[in-house]
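Structural features, examined
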Amino acid sequence: MQQENKPLSEKLSDAFWCAKLSYLTSIFEHLNKINTALQGKGKGIYECSSKINAFKTKLPLWKSRIAEINFVDFPTLDMFVKENSAVLVDEVIGNIQILITRYLDLLIILVIYSIWSVTFQKEQSSYLNENSWVMCPFTDGYTGNELLMDLRSDRHQKLTFTTMKYYDFWVKLWNMPEYKQLAEQALKCLVQFPCTYLCESGFSVLAHIKSPSRNSIHEIYSVMRLAIEQELNIKD
């Protein structure tokens, strides 16, 4: 690149610029990881809120480690600093530390005031905490629901709960008259949309089905449901 006089060759020989690039690589790995964790079928509001809250609590920890010139939370940057410790002077390390601290401060502000916090605000978090028995109906300490107390006394249902996912368990109870009311309370929590994944996947399916070569399809709803539905329950 230097022989061809490429402008980027000067950047690649700049240790501070390479350090910033290494940091961006690492921070985007973290962001992509949480973004992927929020996507997919079967992701409920409890799982997504836990992932988001965990990410929010990590940011101050990362910032405190950066203050100690510890880049372990950013693997690419950490590897770059260790491999180039002989040429990285204290001034460059100090500038990296200051820059990353500023970036993390901005990221913390964005997370606090972003759509994530609007979706999972304090009222919503309080609501999820009050209804945490939905995920653990037999082990949660909540005892303010008589219907839930009846369920906890049912050994057969307790055994059944250990053999299936909790949302499948509540759907099963919804078909049982003695637990239908309790199951409805649980399903009200579970049907909430924690992210826009399902909407985005729906638009993708629609764009694929309603293509220029198949624009004569009019009954689009049943076709979309068939494409989006995770499981088909076929009865004999």
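Residues numbered from 1 in each chain as written. Predicted model: local features only at pLDDT ≥ 70, side-chain atom pairs only at ≥ 80, totals over all residues. Heavy atoms only, no water.

1. Some words on the overall build of the protein
- Secondary structure assignment for the protein yields 13 helices and zero strands.
- When its helices and strands are written in sequence order, the protein yields α-α-α-α-α-α-α-α-α-α-α-α-α.
- Evaluated residue by residue, the protein yields a buried proportion of 32% over its 236 residues.
- For the protein, the proportion of contacts with a sequence separation of at least 24, taken over those separated by at least 6, is 57%.
- Counting only carbon and sulfur atoms, one obtains 57% of the accessible surface of the protein, whose full area is about 16,000 Å². (Helix = DSSP H or I, 4+ residues; strand = E, 2+ residues; numbered from the N terminus. Buried < 20%, exposed > 50% of the residue type's maximum accessible area, 1.4 Å probe, protein only. Contact = heavy atoms within 4.5 Å. Areas by Shrake-Rupley, 256 points an atom, 1.4 Å probe, with all protein chains shown as cover.)

2. Some thoughts on the pattern of salt bridges
- Taken as a whole, this structure holds three salt bridges when the rule is applied.
- The shortest N-O distance in the salt bridge between Asp73 and Arg65 comes to 2.6 Å.
- Looking at Asp73, the relative accessible area reads 12%, which means it is buried.
- For Arg65, a relative accessible area of 28% gives the class partly exposed.
- The salt bridge partner of Lys82 is Asp78, with a shortest N-O separation of 3.2 Å. A residue pair is termed a helical-turn pair when its members lie 3 or 4 positions apart in one helix, as Lys82 and Asp78 do in helix 4 (residues 75-83) at four residues.
- The class for Lys82 is exposed, based on a relative accessible area of 59%.
- Judged by its relative accessible area of 15%, Asp78 falls in the buried class. (Salt bridge = Lys/Arg side-chain N within 4 Å of Asp/Glu carboxyl O.)

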